[in-house]
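# Remarks on the overall topology
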Amino acid sequence: MATQPMQTTIRFYWITWTILLVLTVLMLLIDQSPLPRLLFVLVMLVAMLVKASIIAANFMHMRFERIALAWMVVIGLLINGAILFGLIVPDALRAVTSEAW
Amino acid sequence: MSEAAVGVATRWAGGVCPFDAGWKKVMMWVFIITDGLLFAGFLAAYGYARLMSGVWPDQTEVFSLPFIAAMTFVLITSSATMATAVWASETGQTASARRYVTFTLVGGLTFLGMQAYEWTHFIGEGARLASNPWGDPLFAAYFFLLTGFHGSHVLTGLIVLTKTVLGLSTGKTPVANVEMAGLYWHFVDLVWVFIFTFFYLI
């Protein structure tokens, strides 16, 4: 088992915690604002992915791992997830806009 | 070995320590990928149902957003205490690690308690798996599916954390296992980020 030297300090995690809290509060504030629906959804998705990346990089130490391990996760999860949504969403939209509806 | 194969072997840097990360960690990540795909499937199905539904209830009228925000706060904080616990165990401060895992455990219990309260309240207002007073029957169904599966992961996490605390007390838990428990706990937090955004905010 590889024992890597510790590259972090306790401060690192609590700064990460602060950033995550600030992002969460921002998302809640944006939720109250009268943004157009499409823009609102896009902003929320970006904020969500930023939060998720920060958790994976800092809390889960992805930033200290080999890039190959990061690619394994990114390809396995993000790309599969994107395909899943990409294939399903257009179909749902078609149903919404069809005559039958 | 061809040059390409050597390149792959270098990246893998295999044996019992693939990716230079240790087989336990790599297998934990493989588990996280598969478990993450389970939630991706649920969320995609939820997105489909919601787009297909002409009338999705306004979540802010059904749920108390400040309460959900408090749940999010508890979970993010427990993630930070867990990260601190992993750091403490890796720097040899076992007593401190045990204390921070205990904090995480308390955070997880609080989250689960809040979720139990939310469920009780929601069911009390008439929400059922197949029907609810706010309109589309799938609204409550997906609420129970998403938060239920997430909650069951929190419960599993609490069992893992309890075992970790006990193991740290008796010296039976190696440093690597605290890190694995940490990875799992952060994953539970990560999934909540997605559910919080997709189900409660958007």
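Residues numbered from 1 in each chain as written. Chains lettered and ligands numbered in written order. Predicted model: local features only at pLDDT ≥ 70, side-chain atom pairs only at ≥ 80, totals over all residues. Heavy atoms only, no water.

## Here we look at the packing of aromatic side chains
Residues and elements named next belong to chain B. Evaluation of the coordinates by the stated rule reveals 33 aromatic pairs over all chains. Their ring planes at 5 degrees and their centres at 5.2 Å tell us that F122 and W134 sit as a pair that is stacked. Highlighted residues: F122 in helix α5 (residues 94-124) and W134 in the loop between α5 and α6 (137-170), separated in sequence by 12 residues. The class for W134 is partly exposed, based on a relative accessible area of 27%. Ring centres 5.4 Å apart and planes at 70 degrees place the aromatic pair F143 and F144 in the edge-to-face group. (Phe/Tyr/Trp six-rings, centres within 6.5 Å; stacked < 30°, edge-to-face > 60°. Helix = DSSP H or I, 4+ residues; strand = E, 2+ residues; numbered from the N terminus. Buried < 20%, exposed > 50% of the residue type's maximum accessible area, 1.4 Å probe, protein only.)

## Let's talk about the nonpolar core
Most often, soluble globular proteins have nonpolar side chains that are buried together. Membership of the largest hydrophobic core comes to 90 residues, with the highest contact counts inside it found for B:F63, B:F122, B:W192, B:F199 and B:Y200. Both domains that furnish three or more residues to this core are identified here as domain 1 (1-65) and domain 2 (66-101) of chain A. (Core = buried A, V, L, I, M, F, W, Y, C linked by side-chain atoms within 4.5 Å. Domains from an automatic or database assignment.)

## Looking at the domain arrangement of chain A
It is common to report an interface's size as the accessible area lost on association of the parts. Residue and element names in this part refer to chain A. Its domain assignment divides chain A into domain 1 (1-65) and domain 2 (66-101). Buried area between domain 1 and domain 2, both sides added, is near 310 Å², and the carbon and sulfur share of it is 77%. The largest per-residue losses of area from domain 1 upon contact with domain 2 belong to L49, M62 and E65, which jointly make up 100% of the total buried on that side. Across the contact surface, domain 1 and domain 2 share 0 salt bridges. Here domain 1 is connected to domain 2 by 0 residue pairs in polar contact (both at pLDDT 80 or more). (Buried area = accessible area lost by both parts, 1.4 Å probe. Salt bridge = Lys/Arg side-chain N within 4 Å of Asp/Glu carboxyl O. Polar contact = N/O pair within 3.5 Å; in protein donor to acceptor, adjacent residues only side chain to side chain.)

## Comments concerning the packing of helix α1 (residues 10-32) of chain A against helix α7 (residues 175-201) of chain B
Where α1(A) meets α7(B), the closest approach of the two axes is 12 Å, and the angle between their N-to-C directions is 10 degrees. One finds that α1(A) runs roughly parallel with respect to α7(B). For the pair α1(A) and α7(B), the contacting residues are A:T24, A:M27, A:L28 and A:D31 in the first and B:F196, B:T197 and B:L201 in the second. Residue composition of the contact of α1(A) with α7(B), grouped by class: 4 nonpolar, 2 polar and 1 charged. (Axes fitted to C-alpha atoms, helices over the stretch in contact; angles between N-to-C directions. Parallel < 35°, antiparallel > 145°, perpendicular 65-115°, else oblique. Contact = heavy atoms within 4.5 Å. Nonpolar A, V, L, I, M, F, W, Y, C, P; charged D, E, K, R; others polar.)

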